[in-house]
Amino acid sequence: MLHKQSSQGRLSPSSYEEDIQQVLAPRLAQFAAVARHEHVTRAAHELGVPQSTLSRAMVRLEEDLDVALFARKGRTVSLTPAGRTFLTAVERALAEVEKAADAVRADADATTGKVAFGFLHTMGSETVPALIRAFRADHPHIRFQLVQNYGEAMLERLRAGDLDLCLTSPVPEAPDLVARRLDEQRLRLVVPDDHRLASRKRVRLAEAADETFVTLEPGYGLRRITDDLCAQAGFRPKVAFEGEEAETLRGLVAAGLGVALLPPPAVARPGVVELTVTAPRAAREIGVAWLDGHPDTPPVAAFKRFLLSRRGHILPQTALVEVPGDPTD
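Residues numbered from 1 in each chain as written. Predicted model: local features only at pLDDT ≥ 70, side-chain atom pairs only at ≥ 80, totals over all residues. Heavy atoms only, no water.

Undergrad: Where do I start with the sheet that holds strand S11 (residues 260–262) in this structure?
TA: The strands making up a sheet are joined through hydrogen bonds of the backbone, oriented either antiparallel or parallel. What the 4 strands build is an open sheet, ordered S8-S12-S7-S11; its pairing is mixed. The strands lining the two open edges of the sheet, one partner per strand, are strand S8 (202–204) and S11. The sheet shows a mean angle of 45 degrees between the axes of neighbouring strands, direction not considered. (Pairing = 2+ DSSP bridges. Helix = DSSP H or I, 4+ residues; strand = E, 2+ residues; numbered from the N terminus. Axes fitted to C-alpha atoms, helices over the stretch in contact; angles between N-to-C directions.)

Undergrad: Quick question: what am I supposed to make of the sheet that holds strand S4 (residues 143–148) here?
TA: On the basis of which strands lie adjacent, the open sheet formed by 5 strands has the order S4-S3-S5-S13-S6 and mixed pairing. What marks the edges here is a single partner per strand, and that holds for S4 and strand S6 (177–186). The sheet shows a mean angle of 20 degrees between the axes of neighbouring strands, taken without regard to direction. In this structure, strand S5 (residues 165–168) lies alongside strand S13 (residues 283–291), joined through 3 bridges in antiparallel fashion. The partner of Leu167 across the bridge, within S13, is Val288. Across the sheet, helix H7 (residues 151–159) is in contact with strand S3 (114–119), S4, S5, S6 and S13; its angle to S5 comes to roughly 165 degrees. (Contact = heavy atoms within 4.5 Å.)

Undergrad: Is there a simple way to think about the nonpolar core in this case?
TA: Taken as a class, soluble globular proteins show a tendency for nonpolar side chains to be buried jointly. The biggest cluster of nonpolar side chains holds 37 residues, and the ones touching the most others in it are Phe117, Met123, Phe144, Leu165, Leu167, Phe303 and Leu307. Setting aside residues up to four positions removed in sequence, Phe117 forms contacts with Val128, Phe144, Gln145, Leu146, Val147, Leu163, Leu165, Cys166, Leu167, Phe303 and Leu307. Of all hydrophobic cores here, the second largest spans 31 residues; its members include Leu216, Cys230, Val273 and Leu275. (Core = buried A, V, L, I, M, F, W, Y, C linked by side-chain atoms within 4.5 Å. Buried < 20%, exposed > 50% of the residue type's maximum accessible area, 1.4 Å probe, protein only.)

Undergrad: What am I meant to see in the packing of helix H3 (residues 40–47) against helix H4 (residues 51–65) here?
TA: The relative placement of two packed helices is expressed as an angle between their axes plus a distance between the axes. It is the contact of H3 with H4, at a shortest axis distance of 9 Å, that shows an interaxial angle of 110 degrees. By the angle between their directions, the pair H3 and H4 is classed as roughly perpendicular. Helix-helix and strand crossings are classified by hand; for H3 and H4 the assignment is right-handed. On H4, the residues touching Val40, Thr41, Ala43, Ala44 and Leu47 of H3 are Gln51, Leu54 and Ser55. In terms of residue class, the contact of H3 with H4 is built from 5 nonpolar, 3 polar and no charged. (Parallel < 35°, antiparallel > 145°, perpendicular 65-115°, else oblique. Left-handed = near helix turned anticlockwise from the far one by under 90°. Nonpolar A, V, L, I, M, F, W, Y, C, P; charged D, E, K, R; others polar.)

The following block contains the structure:
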């Protein structure tokens, strides 16, 4: 059979990606099967399609490429040099597709699948390890891909499909996201241990209006909360340093560089005193967010249920909002 020329259906430079998807992709496995068997009928039997359908598909593939891929003799076929070149690339592409299919099936497996989970820097030392430890007691083989970042960056990765869930603060309000409040964490005014307020247990934030602050960088949720609380207290903080880690800020407070509004530490740090802020109410909400309408794999659904079931018990006890009625100075 001679290779037929056709002016229709060929790959066009102006619509290359569309042509690849609509013309080539469905025929690659068929081409590889014919090339492997060097026989259209046997290849059709393996693929479970009529021989005539497969023959027409191979003729059309050659027409689309405008290249003869097969030399035909009776019912047998052999690859032309162009066909051998094409087969090498096709086998590599099909192997990559199969590899990707295996990966996504493995990630979705209910027992051994993967959860891509993002969380705040301040949740990394104690909160998230405790959550994962508790979850894995019943799901020991589920894998985690963890991302530690500030809130806005995690929401961007959530929207990009890089994350399944993220633990963040403030709890986001956006039409494309679903967010659920899980817990609340009291923030403290952290001062050096030789500070004029260091002998106090409680303080109004307005009493720190003349202080220099060390804060997280703009874009961090805790920075936005700090600015909002200071505004409620009637002042704009004078900022000496903007960082990325709460514990770095705590160290700079100990060094006397300024004061900071921070969540409680996992381990008490020497050189600082942590004061309860009585006014305005200094707390941040912790929540979990995911992309609206995004279907969950079984492992993601299981971890989401776990997080929601822990509402009010996400944070370590030392990080929870204090019970009203504690002694005051």
